[in-house]
Amino acid sequence: MAGDAEEVGGSPGPSHRALSFDRRPLLVFWETTKACPLACRHCRADAQLAGGPDELSTAEGLALIDDLATLGSPRPILVLTGGDCLMRDDLVTLARHAHEAHLPVAVAPSVSPRLSAETLRALREVGVKSASLSLDGAGPGSHDTLRGIEGHFEATLEAIDLLVAEGLSTQVNTTVMPSNLEELADVAAIVAERGADVWEVFFLITTGRGSAIPSTTPRENEDVCRFLVDASRYGVTVRTVEAPFFRRVAQGAADGRVADGGPLYRRLSGRLAELLGPPRATPRVPSAATRDGKGIVFVGANGDVYPSGFLPLALGNVRETRLTEIYQRHPLLRSIRAAEFSGPCGRCVHANLCGGSRSRAFAAYGDALASDPGCLLVAEPLAVPGARVSPARPAVR
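Report on the accompanying structure. (Residues numbered from 1 in each chain as written. Predicted model: local features only at pLDDT ≥ 70, side-chain atom pairs only at ≥ 80, totals over all residues. Heavy atoms only, no water.)

Looking at the overall build of the chain
Part 1 of the reasoning: The secondary structure content of the chain amounts to 15 helices and 11 strands.
Part 2 of the reasoning: Burial analysis of the chain (397 residues in total) assigns 59% to the buried set.
Part 3 of the reasoning: Contacts spanning at least 24 positions in sequence make up 77% of the contacts within the chain whose residues lie at least 6 apart. (Helix = DSSP H or I, 4+ residues; strand = E, 2+ residues; numbered from the N terminus. Buried < 20%, exposed > 50% of the residue type's maximum accessible area, 1.4 Å probe, protein only. Contact = heavy atoms within 4.5 Å.)

What follows is the structure in structure tokens.
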């Protein structure tokens, strides 16, 4: 659970018009540690085998949780991530405290020997209801190569089955890269057939170890988003990370205003129908209009606060300033929430619903308020029928 994971659960609807994220985030991601036994090629965190000496202590973590609890209802969802959050010996203590403070808690562990039925039961007993795992290919050739461990693909399938069997709301995360584009339909089938509740698709940001991996093109992104709408019609909620333009595509599909997909879309959609048969449900795509810094905030292992885990621009530190104060008052986050963007993103009629990936803009231009080069409306403004970048709305800087 990460990035612009618009909602935990949910369905299409007008929620993006009703929800305001000026005072409280929807999702708070806490990188509890950088320790992780894996060495994934696309790791955002540059994870390491052992945690650093500057990681937040148990007492500091409890204080962070208490601060979030002051927001009242509806409280944000706290996602305990890493590295591998299971490398924290106090994880159950932290989860229990969050539950007692009435904060919904989710965990995002790595698939490693620490992930066991006993551990999951201990977390469930203290109020954890959701967990996510990563699956980045439809077979060992792609997944194991990326994860750097032979046999990790089969271990991941077993771990998904374990989460489902233990009664946790199960989310499978997949990062979209040129190397696995053609496997996405097969991954979607695995997610649906193994009984996962959510498929969260990450659109790669070139940060951390991911800097060495090429990005997908705007046209590929558009085709993948169209395919994801189709994939959500097989009983699995589909969300995206760093692809807020997915909401534009999903809304267009719901309104019957969607362009013909390209060859990639046709291949993926055709393959999905071949694997799972014709679609059998209405689309399940959340619509809360979040993005980096708007409904989303990230706390690093050392307490530094970022708009998201993919935007390496520190805004302060929870050891010095309360997270709630940073989120509510930092000028950059206020500008992000006000959609004060330059270029096409600042003039787009979808600026509130989408607003582009602030992380991708920063990675490309060093400016978190620039336009998102991964969006087709930025790269090719006339490529999407019915969508427009309005000259009537001036860019704000």
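Comments concerning helix α4 (residues 117-125)
Part 1 of the reasoning: Those residues of α4 lying buried are A117, L120 and L123. Looking straight down α4, one finds its buried side chains confined to an arc of 125°; they lie on one side. Along α4, the residues that are exposed and aim more than 90 degrees away from the buried face are E118 and E125.
Part 2 of the reasoning: Each element contacted by the buried residues of α4 is listed here: α3 (91-100), β3 (105-107) and α6 (152-165).
Part 3 of the reasoning: Following α4 by one or two positions, G127 has its phi on the positive side, about 105°. (Arc of directions from axis to C-beta.)

Focus on the pairing of strand β5 (residues 169-176)
Part 1 of the reasoning: A large share of β5 lies buried, amounting to 7 of its 8 residues.
Part 2 of the reasoning: Bridging between strand β4 (residues 130-134) and β5 involves 5 bridges; their strand directions are parallel. Within β5, the residue paired with A131 across the bridge is T170.
Part 3 of the reasoning: Handedness of the crossover is the feature at issue here: the chain leaves β5, passes through helix α7 (residues 184-193), returns alongside strand β6 (residues 198-203), and the resulting connection is right-handed. (Pairing = 2+ DSSP bridges. Right-handed = clockwise from strand over helix to strand, strands pointing away.)

Looking at the nonpolar core
Part 1 of the reasoning: Counting residues in each nonpolar core, the largest one holds 105 residues, and the members touching the most others are W199, F203, F227, L228 and L323.
Part 2 of the reasoning: No other element matches the 8 residues that α7 contributes to this core. (Core = buried A, V, L, I, M, F, W, Y, C linked by side-chain atoms within 4.5 Å.)

Description of the side chain of T33
Part 1 of the reasoning: Along the chain, T33 turns up in the loop between β1 (27-31) and α2 (58-69).
Part 2 of the reasoning: When neighbours within four sequence positions are excluded, T33 is seen to be in contact with G51, E55, T81, G82, G83, D84, C85, M87, R88 and A301.

Observations concerning the pattern of salt bridges
Part 1 of the reasoning: A complete count under the given rule lists 16 salt bridges for this structure.
Part 2 of the reasoning: For R121, the salt bridge goes to E166, with nearest N and O atoms at 3.0 Å. You can see R121 sitting in helix α4 and its partner E166 sitting in the loop between α6 and β5, a full 45 residues away along the chain.
Part 3 of the reasoning: Owing to a relative accessible area of 42%, R121 belongs among the partly exposed residues under this scheme. (Salt bridge = Lys/Arg side-chain N within 4 Å of Asp/Glu carboxyl O.)

Re the packing of aromatic side chains
Part 1 of the reasoning: Inspection of every chain in the model, using the stated rule, returns 4 aromatic pairs.
Part 2 of the reasoning: Residue placement shows R226 over the ring face of Y265; its charged tip is 4.2 Å from the ring centre.
Part 3 of the reasoning: The lysine or arginine in question, R337, covers the ring of Y327, its NZ or CZ lying 4.4 Å from the ring centre. (Phe/Tyr/Trp six-rings, centres within 6.5 Å; stacked < 30°, edge-to-face > 60°. Lys NZ or Arg CZ within 6 Å of the ring centre and 35° of its normal.)

Description of the environment of A155
Part 1 of the reasoning: Here A155 shows up in helix α6.
Part 2 of the reasoning: Residues A155 and V111 lie 44 residues apart in sequence; the distance between their C-alpha atoms is 7.1 Å.

Brief notes about unusual backbone geometry
Part 1 of the reasoning: The linkage connecting S73 with the following residue, P74, adopts the cis geometry, with an omega of 0°.
Part 2 of the reasoning: Its place among the elements puts P74 in the loop between α2 and β2 (77-81).
Part 3 of the reasoning: Positive phi is not limited to glycine here, since H102 has a value of about 65°.
Part 4 of the reasoning: Along the chain, the position of H102 falls in the loop between α3 and β3.
Part 5 of the reasoning: Looking at H102, the relative accessible area reads 58%, which means it is exposed.
Part 6 of the reasoning: In this model, A339 sits at a positive phi of 55°, which is unusual for a non-glycine residue.

Quick look at the packing of α2 against α3
Part 1 of the reasoning: Where α2 contacts α3, the two axes come as close as 10 Å, and the packing angle between them is 20°. In terms of orientation, α2 lies roughly parallel with respect to α3. The two elements α2 and α3 meet at a crossing, and its hand is right-handed. When α2 is examined against α3, the residues T58, G61, L62, I65 and D66 are found in contact with a partner set consisting of T93, L94, H97 and A98.
Part 2 of the reasoning: Residues belonging to the contact of α2 with α3 are distributed by class as follows: 4 nonpolar, 4 polar and 1 charged. (Axes fitted to C-alpha atoms, helices over the stretch in contact; angles between N-to-C directions. Parallel < 35°, antiparallel > 145°, perpendicular 65-115°, else oblique. Left-handed = near helix turned anticlockwise from the far one by under 90°. Nonpolar A, V, L, I, M, F, W, Y, C, P; charged D, E, K, R; others polar.)

Description of the pairing of β4
Part 1 of the reasoning: Burial of β4 is extensive: 4 of the 5 residues sit out of reach of the surface.
Part 2 of the reasoning: Where β3 lies against β4, 2 bridges are found, and the strand directions are parallel. Bridging from a neighbouring strand, V107 pairs with A131 of β4.
Part 3 of the reasoning: Considered for its hand, the β-α-β crossover made up of β3, α4 and β4 is right-handed.

Comments concerning helix α14 (residues 358-365)
Part 1 of the reasoning: Burial in α14 covers these residues: R358, S359, R360, A361 and F362.
Part 2 of the reasoning: Those residues of α14 that are buried are in contact with β6, α9 (245-254), β8 (291-292), α12 (331-337) and α13 (343-347).
Part 3 of the reasoning: The N-cap of α14, judged by a side-chain oxygen 3.4 Å from the amide nitrogen of S359 a few residues on, is S357.
Part 4 of the reasoning: G366, located one to two residues past α14, shows a positive phi value of around 70°. (Polar contact = N/O pair within 3.5 Å; in protein donor to acceptor, adjacent residues only side chain to side chain.)

Brief notes about the side chain of S308
Part 1 of the reasoning: Its location among the elements puts S308 in the loop between β10 (304-306) and β11 (316-317).
Part 2 of the reasoning: In this structure the side chain of S308 is engaged in a polar contact, spanning 3.4 Å, whose partner is the side chain of E242.
Part 3 of the reasoning: Here S308 is in contact with E242, D292, I296, F298 and S359, once residues within four sequence places are set aside.

Some thoughts on the environment of L275
Part 1 of the reasoning: Inspection of the secondary structure assignment puts L275 in helix α10 (residues 263-276).
Part 2 of the reasoning: Separated by 87 residues in the primary sequence, L275 and A188 place their C-alpha atoms 9.5 Å from one another.
Part 3 of the reasoning: Among residues more than four places away in sequence, those in contact with L275 are A185, D186, A189 and E193.

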